[in-house]
Amino acid sequence: MREEYFDSAYGKRKGVGAVAFVLTIIIVMLVSVFASYLYFDKHLGNSAEVPTSTPEPAPTPGNTTVITTDVKDTERAFVSIYEDNCESVVKITVYATVNGTKQKYSSASGFITSTDGYIYTNNHVLTNAEDIEVTLYSGKTYTAKEIGRDDRTEVAVIKIEPEAKLKPVKLGDSNSLKVGQYAIAIGNPLGYEFSMSVGTVSGLHRMVDSSNYRYEMIQIDTPINSGNSGGPLFNLNGEVIGINTLKEVTAGTNATVEGMGFAIPINIAKNIAEQLISNGKVSRAAINATVGNKIENNTYAGVYIAELTPGGAAEQAGLKVNDVIVSFNGQEITVLNDIMEQLDKCAPGDKVQIVFKRDGKEMSAYITLGIT
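Residues numbered from 1 in each chain as written. Predicted model: local features only at pLDDT ≥ 70, side-chain atom pairs only at ≥ 80, totals over all residues. Heavy atoms only, no water.

A.B. asks: What's the story with helix α3 (residues 266–279) in this structure? I'm lost.
C.D. replies: Residues spaced three or four apart along an α-helix face the same direction, because each turn holds 3.6 residues. With 14 residues, α3 extends 19 Å between its outermost C-alpha atoms, agreeing within 8% with the 20 Å of an ideal straight helix rising 1.5 Å per residue. For α3, every residue scored as buried is listed here: Ile266, Ala269, Ile272, Ala273, Gln275 and Leu276. Looking one or two places after α3, you find Gly280, whose phi comes out positive at around 80°. (Helix = DSSP H or I, 4+ residues; strand = E, 2+ residues; numbered from the N terminus. Expected span 1.5 Å × (residues − 1). Buried < 20%, exposed > 50% of the residue type's maximum accessible area, 1.4 Å probe, protein only.)

What follows is the structure in structure tokens.
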């Protein structure tokens, strides 16, 4: 599959009219279909069964449209989510030097997480950034400073210096998500600022390989496009449950893929962002070695050690250059992303078993993980 990030480069808006029309139809269909099954209280609480009540009167000639209480409650819920959060969403414009001239390079989204101007977005949004401009819903613009970026999770933090306190979003709990819950995006797709789209959570704990990394993502069918990158994904309570990051655009047969977007779970993003704000970087468990994919007979066959950090965890465990790791902590290792995924589940100082091949012979060792 081929993935596509959502930061839109300027001058790439061909076919915007068609996209806007399709988005409108999808949103209307989703609201109409799901609203008929769910009932929401006036405080945007959890969904509940529709209570037994007196049936709506049958339509009379000349008045064939009947709007039920459930539909109107759902509509009010979506309107409230937008009105409560649009001022907490921002447009991010990146400036970079292209052909010797500094110019607008791309635009994306972000959201305010503190009254003093911290903003969460995606790591790839800031690629090649020389200057970063943030535009609020009010139209006011600020120059932003990069606080930190983490390519392993695609999380980044920037900051502006507002004259007055800003309105931050409310962060939810992505660990409590269930498939089928609403997933609502607000962002800047294709240059259409502060747009909202509605969908559902399609899957949880999806492991997505992209740009040489493996990410744990929330799968959604919410319509999102270039420019949505870094923007918030809300639940029906108006809480941020994820950061919209990428989507599948084609399958292996080059068939067009529809309705497969992915967002970073907010619990993961918050942990990373807090480390970036505090330390400017993220501390992780490491084997303290330079590694790469081992290929045999055109097949991935483990991860080989190209270089050892002197005195590091791998060297202390007795590993050598050209050893090929095939198992880590009981999990099979085929490619580099496999071992990166397992390291993300560990902490510095953890002791794990590694199975490796040396000169064709399978061996094992226990390694006390270092830090990076």
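On we go from here.
A.B. asks: Can you help me understand the pattern of salt bridges in this one?
C.D. replies: Scanning the model with the defined rule gives 14 salt bridges in all. Between Glu130 and Lys102 there is a salt bridge, with the nearest N and O atoms lying 3.9 Å from each other. You can see Glu130 sitting in the loop between β5 (118–122) and β6 (131–135) and its partner Lys102 sitting in strand β4 (residues 101–112), a full 28 residues away along the chain. Glu130 gets classed as partly exposed once you look at its relative accessible area, which sits at 42%. Here Arg358 ties to Asp323 by a salt bridge, and the two come within 2.8 Å at their closest N and O atoms. Residue Arg358 is found in strand β21 (residues 351–358), and its partner Asp323 is found in the loop between α4 (313–316) and β19 (324–328); the two are separated by 35 residues along the sequence. Using a relative accessible area of 18% as the deciding quantity, one classes Arg358 as buried. A relative accessible area of 2% means that Asp323 is categorised as buried. (Salt bridge = Lys/Arg side-chain N within 4 Å of Asp/Glu carboxyl O.)

A.B. asks: I tried to follow the confidence of the model for the protein chain on my own but got confused; where do I start?
C.D. replies: Regions with low pLDDT carry predicted coordinates that are not meant to be interpreted in detail. Confidence in the prediction for the protein chain averages 85 pLDDT; 81% of positions are at 70 or higher. Note on residues 6–62: pLDDT is under 50 here. Beyond four places in sequence and across chains, it has 90 contacts. (pLDDT = per-residue confidence, 0-100. Contact = heavy atoms within 4.5 Å.)

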